[in-house]
There are 2 protein chains.
Amino acid sequence: MKLATLKQGGRDGTLVVVNRSLSHCRAVPAIARTLQAALDDWDVSEPQLRQVYEALNSGAFNDQMPFDPVLCHSPLPRAYQWADGSAYVNHVELVRRARGAELPPEFWTDPLMYQGGSDSFVGPCDPMLALSEDWGIDLEAEVAVIIGDVKMGTSAAQCAPAIRLLMLVNDVSLRNLIPGELAKGFGFFQSKPASAFSPVAITPDELGADWRDGRVHRPLTVHINDQLFGQPDAGTDMVFNFPQLVAHVTKTREMEAGSIIGSGTVSNKQGDLNGSSIANGGVGYCCLAEVRMYETIETGKPQTSYLKFGDKVRIEMFTTDGNSLFGAIEQEVKPYPG
Amino acid sequence: MKLATLKQGGRDGTLVVVNRSLSHCRAVPAIARTLQAALDDWDVSEPQLRQVYEALNSGAFNDQMPFDPVLCHSPLPRAYQWADGSAYVNHVELVRRARGAELPPEFWTDPLMYQGGSDSFVGPCDPMLALSEDWGIDLEAEVAVIIGDVKMGTSAAQCAPAIRLLMLVNDVSLRNLIPGELAKGFGFFQSKPASAFSPVAITPDELGADWRDGRVHRPLTVHINDQLFGQPDAGTDMVFNFPQLVAHVTKTREMEAGSIIGSGTVSNKQGDLNGSSIANGGVGYCCLAEVRMYETIETGKPQTSYLKFGDKVRIEMFTTDGNSLFGAIEQEVKPYPG
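Below or above, wherever it landed, is the structure these notes cover. The structure displayed is predicted, hence computed values, not measured ones.

About the criteria used
Within each chain, residues carry numbers counting from 1 in the order of the written sequence. Naming scheme: in the order in which they are written, chains are lettered from A and ligands are numbered from 1. Totals for whole chains, interfaces and linings use every residue, but because this is a predicted model, local features are given only for residues with pLDDT of at least 70 and side-chain atom pairs only at 80 or more, for both listing and counting. The side-chain figures draw on all heavy atoms in the structure; neither hydrogens nor water molecules are used. Secondary structure elements are defined from DSSP: runs of H or I of at least 4 residues count as helices, runs of E of at least 2 residues count as strands, and each element is numbered from the N terminus. Burial status follows relative accessibility: with a 1.4 Å probe on protein chains alone, a residue under 20% of its type maximum counts as buried, one over 50% as exposed, and anything between as partly exposed. Each pair of strands is called paired provided DSSP finds at least two bridges between the two strands. Working definition: a ring pair exists when centres of Phe, Tyr or Trp rings (six-membered ring for Trp) sit within 6.5 Å. Plane angles under 30 degrees give stacked, over 60 give edge-to-face, the rest tilted. By definition in these notes, contact holds between two residues if any of their heavy atoms fall within 4.5 Å. As used here, buried area is the combined drop in accessible area, with a 1.4 Å probe, of two parts when they are placed together. A side-chain nitrogen of Lys or Arg and a carboxyl oxygen of Asp or Glu constitute a salt bridge if their distance falls within 4 Å. Polar contact criterion, stated in full: a pair of N or O atoms within 3.5 Å, where within protein one must be able to donate a hydrogen and the other to accept it, and residues adjacent in sequence count only if both atoms are side-chain atoms. Throughout this entry, Asp, Glu, Lys and Arg are counted as charged residues, while Ala, Val, Leu, Ile, Met, Phe, Trp, Tyr, Cys and Pro are counted as nonpolar. The remaining residues, Gly among them, count as polar.

**Brief notes about the environment of Ile147 of chain A**
Residues and elements named next belong to chain A. By the secondary structure assignment, Ile147 is in strand β10 (residues 141-147). Residue Ile147 is classed as buried on the basis of its relative accessible area, which comes to 0%. Put simply, Ile147 and Gln81 are 66 residues apart on the chain and 9.9 Å apart in space, counted from C-alpha to C-alpha.

**Description of the pairing of strand β20 (residues 312-316) of chain A**
Judged from the four bridges that link them, strand β17 (residues 221-224) of chain A and β20 of chain A form a sheet pairing that is antiparallel. Counterpart to Thr221 of chain A in the pairing with β20 of chain A is Glu316 of chain A.

**Some thoughts on the packing of aromatic side chains**
What the rule picks out here adds up to 15 aromatic pairs over all chains. When the centroid spacing of 4.3 Å and the interplanar angle of 20° are considered together, the rings of Tyr80 of chain A and Tyr80 of chain B count as stacked. Highlighted residues: Tyr80 of chain A in the loop between β5 (72-73) and β6 (82-85) and Tyr80 of chain B in the loop between β5 (72-73) and β6 (82-85), drawn from two different chains. An identical accessibility class is assigned to Tyr80 of chain A and Tyr80 of chain B; each is buried.

**Considerations on the interface of chain A and chain B**
Contacts between the two partners involve 57 residues from chain A, matched on the other side by 57 residues from chain B. Here chain A packs against chain B, burying approximately 5400 Å² in sum over the two surfaces, 53% of which is carbon and sulfur. Here chain A and chain B share 10 salt bridges between them. Asp110 of chain A is the partner of Lys184 of chain B in a salt bridge, and the nearest nitrogen-oxygen pair spans 2.8 Å. The interface formed by chain A and chain B contains 33 residue pairs in polar contact (both at pLDDT 80 or more). Those elements giving two or more residues to the side of chain A that touches chain B turn out to be α1 (35-40), β7 (113-116), β8 (128-130), α5 (178-184) and α6 (242-249) of chain A. With four residues, β7 of chain A is the largest single contributor of residues to the side of chain A that touches chain B. A breakdown of the residues in the side of chain A that touches chain B according to their chemical character gives 26 nonpolar, 16 polar and 15 charged.

**Some words on unusual backbone geometry**
Backbone geometry places Asp213 of chain A, a non-glycine residue, at a positive phi of 55°. As for its position among the elements, Asp213 of chain A is in the loop between β15 (211-212) and β16 (215-216). Unusually for a residue other than glycine, Asp226 of chain B sits at a positive phi of about 65°. Within the secondary structure, Asp226 of chain B is located in the loop between β17 (221-224) and β18 (227-230).

Spatial relationships are all this shows, so hold off on functional conclusions.
Encoded structure:
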C-alpha cells in the first residue's frame, strides 16, 4: 500500500491513498483525514485503506485524482518523533578516519542515534532553505520507517511488527556547524535543519523479497544537478537493522505511533576514493561529506564543495523493473526568504 | 489564563480551561478539542478561551467540573518538539567542576540545548517508570514554555511574543546512562526517558510582574518524599532567557506552534555544600545530581543516592500569596509494568 499527504487541508495536510504506479490518488476522509490519524488507529484504518488501494490499482474509481508529488507534503508534515540512527557504520568510520581518530569498537554493537526536530518538515519538492551557504549545506539520503506503539524494553525481534511504513528522507546537515556543536557535548541541534521525506510512504510488503532482515535491499539513487552521485544498496553494510534501531529508542521509554526512525546516511564499504565514485565504477555516495572524507584520507584535504544555492538534489529508489517505489525527493537549495 | 488537558478523549486528551484557583474547569469543544488545536490557530482560539476563563473565575457557569490534577495528562500529551536548554549555567559549571574539568567560556554566551523525545509524555501524577533503579533515576525540575510559529533566523527580541504558555516540567534523567551516551558524541538519548509537565499551563500574564526579561521570577519548589529539597528562584542565574533559547532553536530552521522549550534544571549559584542545602539555609536543588556534585567537589565522592522505587517527587510554584500557579507535578518512582 502507498500513502501520501497533500498540502491542502491544514498543518497535517490531507491523507491520500496512491496507486502502485504513482499515477493516481484518492482522499479517504471517511477512513482518516490525516496519516497521523490513520496511524493512531492503524488496526482499524489499515484494512480499510488497503481496500481503497486495491480498488485504485484495479481502476475501480471514476473520481480518482492524478497524483502530483509537487502537491505533496512529507507523508507526516510534522511528527511526534524523528530519531535518526547511524546504522551504516562505514560512514561513521570514514568520518573518524578523515580526522585521524579510531572508531571505538562498541560502535559496531551499540547504535549511534540522535533526536531530530520534527515540528516542521518540508515537502519532497520544497527547497532546502538556508540563510547562508557558509553553513556547509549537505544532503543525506536515507531510508526511514514509521512506527506504531512500542512498549519500553521491547526486544528488537518484537519491535519488527511495529514497522508500519517506509519512506526515503533527505536529512539535511549543515556540516560547518557540526564541529562546534559536537564539541559542546550535547550532539546536533542547529546543524540539523528541516528534513524532507519522499512523496509516498509504503508498507513493507510493497518491497516483496527486498524487505528482509529488517532492511531494504534496494539501491538508493542520488543525483546532484542531474548527475548520478550515488546508488549504494540500502541493505548492504547496514550494521543495525530497523528493529534494532527501534529497540534502541525504546530501551528506557515507550514509543508512540507515528514516530519516525531513520537509518542514517546510506553508505557501502568501498575500497578507496578512486574506486568509490560513480565515474570510477563505484556505487558513489549519499552525502557530500563522504566523498570529502575519501578526499581527505587520500589527498590530505577535501576537494568537493558542499551544496550552493541553485544546486539540485534528487533521491529515489526503484524496483528491479525500474519503477519508482516512493516517488522522488527533488529539492533545490535556496536562500531562506525570511 | 490557565489550561489543562484531561486524559479522556484520545491520545491528545481533552482541553479544559481551568479557573485561577485551580478548583474548577470546563471543556471547550466548540473552541478547540485539544491544546494543540488551540495552538494551531491561537489568534482565533485565544480570545475565546480567555472569555471562558473570565466567566469561570466569576462563577458564571452552572456546569463547571471540579478540577482534579490526577485526571490530567501533561497539557500537551505529545508534542511536535521538546527541546531543553541548560540556561542555568551554574548547574553546568558544577557538573564540570565535579569531574575536574573547566567550563568552556563560550558556554556563557552560546546555549547548550538537546532535542528530547516528545511522542509520549506522561501525566503530572503518573509514575516515573523505569526498568531498573541502576539507571540512576533523577528528577530535574524546570520551567518550560510553549511556543507559536517562529521563522528561521528570528532575533531573540522578536521571539518573545511567540511565547504562548508556561509550564513546569520534570525532565527525568537516567544519570548512570549519561556518561556512556555523551562519550559517543551524539548527546543524550536513552538517558532521557519520558518527561512529565505540570497539570496546568498558564499564559505569562498570570505571573504579573514576576514574568519579566523572558524569565519567571518565582521560586521553584521541590519536595522529595515530602521533605523540602529545593526552592531556587527560577529568575535568578538563568543566563539565557526563554526568547534567547527560542532564537537558538530557530537559527537554522522554522519552529511550529506547540513546540516546547525547557529552561534546563533550575539552579542558583550558592557558596558551598554546607551553605547550599535547605537544612543549612541554602535554597537547595532541583535535581539530585547537583547535591552529589557539591558532595564530590567537597568530599571526593557523592553521598546522596539517586531515586529508588517508591520515592516521591513534588514540583510546584506558588504566588507570593501561596497559591499554586501550575498545580503540582507529583510522581512516584515505580518499576515499569511491561
